[in-house]
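Structural overview for review
Listed here are the chains, written in short residue letters.
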Amino acid sequence: MTQKKNSIKNNLKKLSILITQGGLSFCVSSSKKITHFFEKDFSSTLPPEQILQELKTAFQSSFAEELEEVDKVVVIYANSLYSIVPRPLFEEKNLTDYLKFNTKILQTDFIAFDELENEEINTVYIPYANINNYLFEHFGEFTFQHAASVFIEKNSETQKNETTVFLNAYQNHYDICIYKEGKLTLCNSFEYFTPEDFLYYLLFTFEQLKLDPETTNLILSGMIAESSEIYQLIYNYIRNISFSKNTFSALKIEDENLKKQPLYKNSLLLNSIL
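Description of the structure in this document.

Rules behind the numbers
- Residues numbered from 1 in each chain as written.
- Predicted model: local features only at pLDDT ≥ 70, side-chain atom pairs only at ≥ 80, totals over all residues.
- Heavy atoms only, no water.
- Helix = DSSP H or I, 4+ residues; strand = E, 2+ residues; numbered from the N terminus.
- Expected span 1.5 Å × (residues − 1).
- Buried < 20%, exposed > 50% of the residue type's maximum accessible area, 1.4 Å probe, protein only.
- Arc of directions from axis to C-beta.
- Axes fitted to C-alpha atoms, helices over the stretch in contact; angles between N-to-C directions.
- Parallel < 35°, antiparallel > 145°, perpendicular 65-115°, else oblique.
- Contact = heavy atoms within 4.5 Å.
- 1 Å grid on protein atoms, 1.4 Å probe; cavity = no way out; pocket = protein on both sides within 12 Å on 5 of 7 lines; lining within 4 Å.
- Points joined across faces, edges and corners; volume = space filled by probe spheres on them.
- Nonpolar A, V, L, I, M, F, W, Y, C, P; charged D, E, K, R; others polar.
- Polar contact = N/O pair within 3.5 Å; in protein donor to acceptor, adjacent residues only side chain to side chain.

The next subject is helix α1 (residues 48-62). With 15 residues, α1 ought to run about 21 Å at 1.5 Å a step, and its terminal C-alpha atoms sit 21 Å apart, in line with that. Those residues of α1 that fall on the buried side of the exposure criterion are Ile51, Leu52, Leu55, Ala58 and Phe59. The buried residues of α1 occupy one face: seen down the axis, they fall within an arc of 125 degrees. For α1, the exposed residues set more than 90 degrees away from the buried face come down to Glu49, Gln60 and Ser61.

Right, let's talk about the packing of α1 against helix α4 (residues 129-139) for a bit. For any two helices packed against each other, the geometry is given by the interaxial angle and the distance between the axes. Between α1 and α4, whose axes approach to 9 Å, the crossing angle comes to 30 degrees. Classed by the angle they form, the pair α1 and α4 counts as roughly parallel. In contact with Pro48, Glu49, Ile51, Leu52, Leu55, Lys56 and Phe59 of α1, α4 contributes Asn130, Ile131, Tyr134, Leu135 and Phe139.

Mapped onto the elements of the fold, Phe42 is located in the loop between β4 (33-41) and α1. As for Phe42 and Phe113, which are separated by 71 residues in sequence, their C-alpha atoms are 27 Å apart. With near-sequence residues (within four places) excluded, Phe42 lies in contact with Thr20, Gln21, Gly22, Gly23, Leu24, Ile51, Glu54 and Gln171.

A few words now on the layout of surface pockets. If a probe the size of a water molecule is rolled over the atoms, the empty space left behind becomes visible. Space inside the largest pocket adds up to approximately 400 Å³. Considering the residues around the largest pocket, the lining is formed by 21 residues, among which Thr158, Phe166, Ile219, Ser244 and Lys245 are closest to the centre. Only α5 (147-156), β10 (164-169), β13 (217-222) and β14 (241-243) provide two or more residues apiece to the lining of the largest pocket. Take the lining of the largest pocket: its biggest share by element is four residues, from β13. Here the lining of the largest pocket is composed, by residue class, of six nonpolar, 10 polar and five charged.

To continue, consider the side chain of Lys154. For Lys154, the position within the fold is in helix α5. Given the relative accessible area of 11%, Lys154 is considered buried. A distance of 3.1 Å separates the side chain of Lys154 from the side chain of Ser244, its partner in a polar contact. Once residues within four sequence positions are removed from consideration, Lys154 is found in contact with Ser244, Ser267 and Asn271.

Turning our eyes to something else, we now look at empty space enclosed by the protein. Tallying each qualifying case throughout the model produces one cavity of 30 Å³ or more. As a volume, the largest cavity reaches approximately 210 Å³. Looking at the largest cavity, it is lined by 20 residues, and the ones nearest its centre are Leu18, Ser25, Tyr170, Met223 and Asn266. Residue classes in the lining of the largest cavity are distributed as seven nonpolar, nine polar and four charged.

Structure (structure tokens):
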């Protein structure tokens, strides 16, 4: 979805922002060259008001001058305040109905949706209105999406007629997309506090969809590494585990902090640049 305001800028710099309840990250790019990167993990889950303060502080302390020259802004909201709706069942007038059974909706909440053409589905979700208003006032027109939409679209491009589980981890929750015989079967989010929580929801999902943990492919991305306790625990039960392949060879990374990280950790953010 695009939030619009009349403005004219001749700069070609792009600001990409990933916002979660457990942290935020953003980068500045131009012609697929990443010049600046920032990330911060919060010590606990924060409400939208505090996330906005963290974002403002990050902007002011990191590279304020660079941000003044930004031409395009893309925001990705990664939270559990969403629902996936098949296109034939979707009506824009019923946005609240798609969320009310699994999300607490306030009267002040703004509900948006993304159209995923390749999958014939829509993602209905609640973006953070206070952050949208701040970005709109500061940058003018910008585009925002839900992380589930980006995740599904990214995985759809690599799908064949097979069964695959994609999992993207954040600090305190993860998104999981499952394709059976090349078709999207499930997209959901689970909150976790311990490695055991993480494993429980994953194995529960395998059980409910009758997936064989010995043969089903599990592809990981986000805040998870082969050396982590979570990975080691998962590997005790699921055998075919791999990490998201590097699909960002077209990007030139100049920021030294980003160079030190595996690209799959920031795959959703980097995908917004391509």
